[in-house]
Amino acid sequence: MSATTGIGTFAIRPLDPLKDAELLHSWVTHPKAAYWMMRDAKLQDVEREYMRIAAHEHHDAYLGLHKGRPAFLMEKYDPRYVELTGLYDPEPGDVGMHFLVAPTDRPIHGFTRAVITAVMDELFADPRTRRVVVEPDVSNKAVHALNEAVGFVPAREIDKPEKRALLSFCTREQFVAARGVAV
């Protein structure tokens, strides 16, 4: 996938767990990635985690590029089998998503919103995707606002083994309406 925004061109490619591990390690252990829960991870831990995801039938990881350079991490998963198993009643076409923007010393205004928009465009490019599901930490107010800006509606708080999470959903129609684009 490749999309051009006012901020530049975004592309998403499959993650290579070994080739990309050093880069990912620098991202997931950065203080700004505290909600990713890998702050103390060693390089081998990151390699192992993304090898596990690569081998999983219902979980995929992608590297997002901005103007051809690595800029974000995207994960998509089937919530029937990963992350949310038994925590809600999934509907046909539900797709779970995580994303992490790379730390930078030169932030670009509107960049994170452009990234989540590119991620949602990628997920909804698959006609089988009817609704995107997220489960961020309840205390991550910044991501809740960002999620709502692209059409997510909070459903309820849920208890996951690693955190108390805010289960939220975004249908294709809600995403399109949030963008102000006709269906």
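Look above for the structure.
Okay, so let's go over this structure. The structure displayed is predicted, hence computed values, not measured ones.

A few words on the pattern of salt bridges. All chains considered together, the criterion is met by 14 salt bridges. A salt bridge links Arg80 to Asp78, with the shortest nitrogen-to-oxygen separation between them at 2.5 Å. Judged by its relative accessible area of 47%, Arg80 is partly exposed. Two residues, Glu135 and Lys163, come together in a salt bridge whose shortest N-O distance is 3.2 Å. With a gap of 28 residues between them, Glu135 in the loop between β6 (131–134) and α4 (141–149) and Lys163 in the loop between β7 (153–159) and β8 (164–171) connect regions that are remote in the sequence. Salt bridges here are not isolated pairs; linked through shared partners, they connect Glu83, Glu135, Lys160, Glu162 and Lys163.

Another aspect to go through is unusual backbone geometry. Backbone geometry places Lys67, a non-glycine residue, at a positive phi of 55°. In this fold, Lys67 is placed in the loop between β3 (59–66) and β4 (69–77). Its identity as a non-glycine residue notwithstanding, Glu83 has a phi of 70°, on the positive side. With respect to the secondary-structure elements, Glu83 resides in the loop between β4 and β5 (94–101). A relative accessible area of 29% means that Glu83 is categorised as partly exposed.

Conventions used here
- Residues numbered from 1 in each chain as written.
- Predicted model: local features only at pLDDT ≥ 70, side-chain atom pairs only at ≥ 80, totals over all residues.
- Heavy atoms only, no water.
- Salt bridge = Lys/Arg side-chain N within 4 Å of Asp/Glu carboxyl O.
- Buried < 20%, exposed > 50% of the residue type's maximum accessible area, 1.4 Å probe, protein only.
- Helix = DSSP H or I, 4+ residues; strand = E, 2+ residues; numbered from the N terminus.

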